[in-house]
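This is what each chain is made of:
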Amino acid sequence: MMSVEDFFQKIKKSRYAKVNDPLDKKELILLQKELNDNGLAALPESFIRILYVSNGISCNSALIFGVSWEEPLKDIVSQNIAFNTDEESLVIGSSEMDLLVYKPRSEEHTSEL
């Protein structure tokens, strides 16, 4: 199985992908607090591992959200507030057609319109 780090190294080679710098622990604590303060689901451990490698990624029209105070369209908190999610689901990415949603109760990742 490919590690998260190896996966992102492979994606970085694509001329269509933009892989951001990693999130540091202080930023992650602030992110978790902001999610909690807004009544949103906590980040799954698997997504935290991604943020430690890359604070968001875009490739063609697909996005995996990170923390972006300057760009709300790429910010996980802003997007979840906009989609009016709650503790039952967390939007962690999007494409032109779908949202990538994490459901903490069942620990499922789903694609939803």
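Worth saying up front: this structure is predicted, and the values here are computed from it rather than measured.

Asks: Is there a simple way to explain the overall build of the chain in this structure?
Replies: Scanning the chain from terminus to terminus reveals 4 helices and 6 strands. Reading the secondary structure of the chain in the N-to-C direction produces α-β-α-α-β-β-α-β-β-β. Against the globule reference of 13 Å for 113 residues, the chain gives a C-alpha radius of gyration of 13 Å, in line with a compact fold. With the C-alpha coordinates aligned to their principal axes, the bounding extent of the chain is approximately 35 × 35 × 30 Å. By sequence separation, contacts in the chain at least 24 residues apart represent 48% of the contacts at least 6 residues apart. Surface exposure of the chain reaches about 7300 Å², of which carbon and sulfur atoms provide 52%. Each charge class in the chain can be summarised by its mean position, and for the 12 positive and 19 negative side chains these summaries are 7 Å apart.

Asks: Whenever I open this one, the nonpolar core confuses me. Can you help?
Replies: Soluble globular proteins: nonpolar side chains tend toward being buried together. Membership of the largest hydrophobic core comes to 21 residues, with the highest contact counts inside it found for L28, L31, L35, L43, L51, I76 and L90. Elements represented by at least two residues in this core include exactly α2 (25–37), α3 (45–53), α4 (76–82), β4 (90–94) and β5 (99–103). F8, I11, V53 and I57 belong to the second-largest nonpolar core, a separate cluster that totals 6 residues.

Asks: Which parts of the structure should I look at to understand the confidence of the model for the chain?
Replies: Caution is warranted with low-pLDDT regions, since their predicted coordinates should not be read in detail. For the chain, the average pLDDT comes to 86, and 96% of its residues sit at 70 or higher. For the chain, strand β6 (residues 108–112) is the element with the lowest average pLDDT, namely 69, and α2 is the one with the highest, namely 92.

Asks: Would you explain the pattern of salt bridges in this entry?
Replies: Two side chains carrying opposite charge are able to pair once their charged atoms lie near each other. Following the criterion strictly, the structure yields 3 salt bridges and no others. Put simply, R105 and E88 hold a salt bridge, and the shortest N to O gap is 3.0 Å. Taken together, the residues R105 in the loop between β5 and β6 and E88 in the loop between α4 and β4 connect sequence positions 17 residues apart. Its relative accessible area of 71% is what places R105 among the exposed residues. E88 gets classed as partly exposed once you look at its relative accessible area, which sits at 37%.

Calculation notes
- Residues numbered from 1 in each chain as written.
- Predicted model: local features only at pLDDT ≥ 70, side-chain atom pairs only at ≥ 80, totals over all residues.
- Heavy atoms only, no water.
- Helix = DSSP H or I, 4+ residues; strand = E, 2+ residues; numbered from the N terminus.
- Rg over C-alpha atoms; globule rule 2.2 N^0.38 Å.
- Contact = heavy atoms within 4.5 Å.
- Areas by Shrake-Rupley, 256 points an atom, 1.4 Å probe, with all protein chains shown as cover.
- Lys, Arg positive; Asp, Glu negative; His and termini not counted.
- Charge placed at Lys NZ, Arg CZ, Asp CG, Glu CD.
- Core = buried A, V, L, I, M, F, W, Y, C linked by side-chain atoms within 4.5 Å.
- Buried < 20%, exposed > 50% of the residue type's maximum accessible area, 1.4 Å probe, protein only.
- pLDDT = per-residue confidence, 0-100.
- Salt bridge = Lys/Arg side-chain N within 4 Å of Asp/Glu carboxyl O.

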